[in-house]
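Architecture at a glance
What follows is the residue order along each chain.
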Amino acid sequence: MTLPRSLNAAQQEVLDQLGSTERPSFEPSLRAQLRHELDQAFEPMLDALGDTDTLFVSKRSIGMVHSCEQLFVADQTQEFEWSVPIARGIVSHKAIELLVGYRGNPTPLDLVEAAIARLENDAYGPGDFLLGLDEGSRAELVALANDRVATFMETFPPLERTWRPTTESKVRAEFANGRIQLSGKIDLQLGFSRGNEAGKVTIDLKTGRAHRTHIDDLRFYALIDTLKTGTPPRLLVSYYLEQGTPHTEAVTEELLWSSARRTAEAVGRMIELRSADVTPERTPSGACTFCPERDECEPGKVFLAERAQAS
């Protein structure tokens with residue numbers, strides 16, 4: 001990567017960790033092998049799925065099934081509602097997306113306001129929610145998104161065009177004639193592959209503390225990206241905005257095979273949980289805090305009470 005000028009210490013640290021010139025090579029047959037393995041794993045599940053059903057699989061659904069099956073089941077029936085905290089993430093990501101192509105020297109507020117203006121016209125996103133905000137709620141949203149975008153611009157090195165940055169990049173892999181669809185949206189990617197030589201850096205922007213599921217999320221993205229292009233990314237990065245630090249993991253074939261197995265296990269359990277005869281397991285964790293069934297789940301209530309007492 002070309003070295004930008006006038007980097008602060010945090011930006012230089014990011015560049016040092018992400019800007020390696022090492023480009024590992026992968027076998028050209030890897031894509032076909034991964035697809036064959038997943039085809040074989042999904043084949044016995046198709047009868048239970050149904051001839052006309054489509055299963056959409058995301059990092060979120062996989063994470064829920066592996067953490068608490070009851071949370072996954074509850075989430076399937078929960079009606080989605082927009083809120084300022086949820087919209088903050090959408091607006092922040094849109095603002096960073098605009099940063100890539102914005103001419104001049106925009107401020108974080110410029111980007112946030114431009115992002116909201118575009119999202120208000122999005123018929124399939126938060127448009128109606130944004131248009132219906134009162135002045136106080138809108139101001140709160142702008143302030144929250146501005147903080148996130150300003151932090152990114154202050155701690156992440158400026159995005160050089162030679163890095164070929166892409167934002168909100170969609171990846172998808174379909175199986176069984178589209179009846180099982182693995183999909184995701186990558187926050188930020190830098191670099192590019194050269195044939196079978198990996199070069200891309202896949203980045204997930206995070207708030208809060210590091211969690212094990214963040215690594216699994218990125219591995220899932222790497223799997224789909226490999227199924228899409230045939231060449232994996234070379235590096236996976238969870239970038240924590242509040243800390244201004246990246247947590248990185250190099251991509252290996254074993255990492256991809258592990259993600260494929262984890263994905264197949266989750267898909268199998270998702271299909272089983274569609275049956276009324278299957279009882280979902282309840283596994284208390286930090287996710288109990290936002291679970292819609294936290295007031296009716298005894299293991300969850302015990303966990304939350306013990307955590308509150310300990311703190």
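The following refers to the structure shown.

Conventions and cut-offs
Residues numbered from 1 in each chain as written. Predicted model: local features only at pLDDT ≥ 70, side-chain atom pairs only at ≥ 80, totals over all residues. Heavy atoms only, no water. Salt bridge = Lys/Arg side-chain N within 4 Å of Asp/Glu carboxyl O. Helix = DSSP H or I, 4+ residues; strand = E, 2+ residues; numbered from the N terminus. Buried < 20%, exposed > 50% of the residue type's maximum accessible area, 1.4 Å probe, protein only. Contact = heavy atoms within 4.5 Å. Expected span 1.5 Å × (residues − 1). Axes fitted to C-alpha atoms, helices over the stretch in contact; angles between N-to-C directions. Left-handed = near helix turned anticlockwise from the far one by under 90°. Nonpolar A, V, L, I, M, F, W, Y, C, P; charged D, E, K, R; others polar. Pairing = 2+ DSSP bridges. Phe/Tyr/Trp six-rings, centres within 6.5 Å; stacked < 30°, edge-to-face > 60°.

Some points on the pattern of salt bridges
- The tally for this structure, following the rule as stated, stands at 16 salt bridges.
- For the salt bridge of K59 with D204, the shortest nitrogen-to-oxygen distance reads 3.2 Å. Within this pair, whereas K59 is found in helix α4 (residues 59–67), its partner D204 is found in strand β4 (residues 201–206), the two being separated by 145 residues in sequence.
- With a shortest N-O distance of 2.9 Å, K200 and D225 are connected by a salt bridge. A residue pair is termed long-range when its members are at least 10 positions apart, and K200 in the loop between β3 (180–190) and β4 and D225 in helix α10 (residues 212–229) qualify at 25 residues.
- Looking at K200, the relative accessible area reads 14%, which means it is buried.
- Among the residues examined, D225 registers a relative accessible area of 1% and is labelled buried.
- In this structure, a network of salt bridges that share partners links the residues K59, D204, K206 and D217.

Focus on the environment of Q17
- With respect to the helices and strands, Q17 occurs in helix α1 (residues 9–18).
- Spatially, the C-alpha atoms of Q17 and A150 are 21 Å apart, while their sequence positions differ by 133 residues.
- Leaving out residues up to four positions away in the same chain, Q17 has contacts with L235, P246 and T248.

Regarding α10
- Across its 18 residues, α10 extends 27 Å between first and last C-alpha, which sits within 8% of the 26 Å expected from 1.5 Å per residue.
- Buried residues dominate α10, accounting for 13 of its 18 residues.
- A positive backbone phi angle near 95° is found at G230, which sits one or two residues after α10.

Focus on the side chain of H214
- Of note, H214 is situated in helix α10.
- With near-sequence residues (within four places) excluded, H214 lies in contact with K206, R209, S238 and Y240.

Considering the packing of helix α2 (residues 30–42) against α10
- Where α2 contacts α10, the axes come no closer than 8 Å and their chain directions differ by 115°. For α2 against α10, the interelement crossing comes out left-handed. Residues L30, R31, L34, R35 and L38 of α2 lie in contact with α10, whose contacting residues are L223, T226, L227 and K228.
- For the contact of α2 with α10, a count of residues per class yields five nonpolar, one polar and three charged.

Considerations on the pairing of β4
- With six of six residues buried, β4 lies mostly within the body of the structure.
- Residues V201, I203 and L205 of β4 are buried on one face, and the alternating residues T202, D204 and K206, pointing to the opposite face, are buried as well.
- Note that β3 and β4 share three bridges and pair antiparallel. The partner of L190 across the bridge, within β4, is V201.
- Looking at chain direction, β4 and strand β5 (residues 235–240) are connected through six bridges and run parallel. Looking across to β5, one finds that D204 is bridged to S238.

Concerning the packing of aromatic side chains
- A full pass over the atoms with the stated rule returns five aromatic pairs.
- Consider the rings of W82 and F129, whose centres lie 6.4 Å apart with planes at 25°: the pair is stacked. One end of the pair, W82, is in the loop between α5 (69–77) and α6 (84–101); the other, F129, is in helix α8 (residues 127–131), with 47 residues separating them in the sequence.
- When the ring of F156 is compared with that of Y239, the centres are 5.2 Å apart and the planes differ by 90°; the resulting orientation is edge-to-face. Taken together, the positions of F156 in the loop between α9 (135–155) and β2 (166–175) and Y239 in strand β5 put the pair 83 residues apart, joining distant regions of the chain. For the pair F156 and Y239, one class covers both residues: buried.
- A connected cluster of aromatic rings, assembled from ring pairs, spans F80, W82 and F129.

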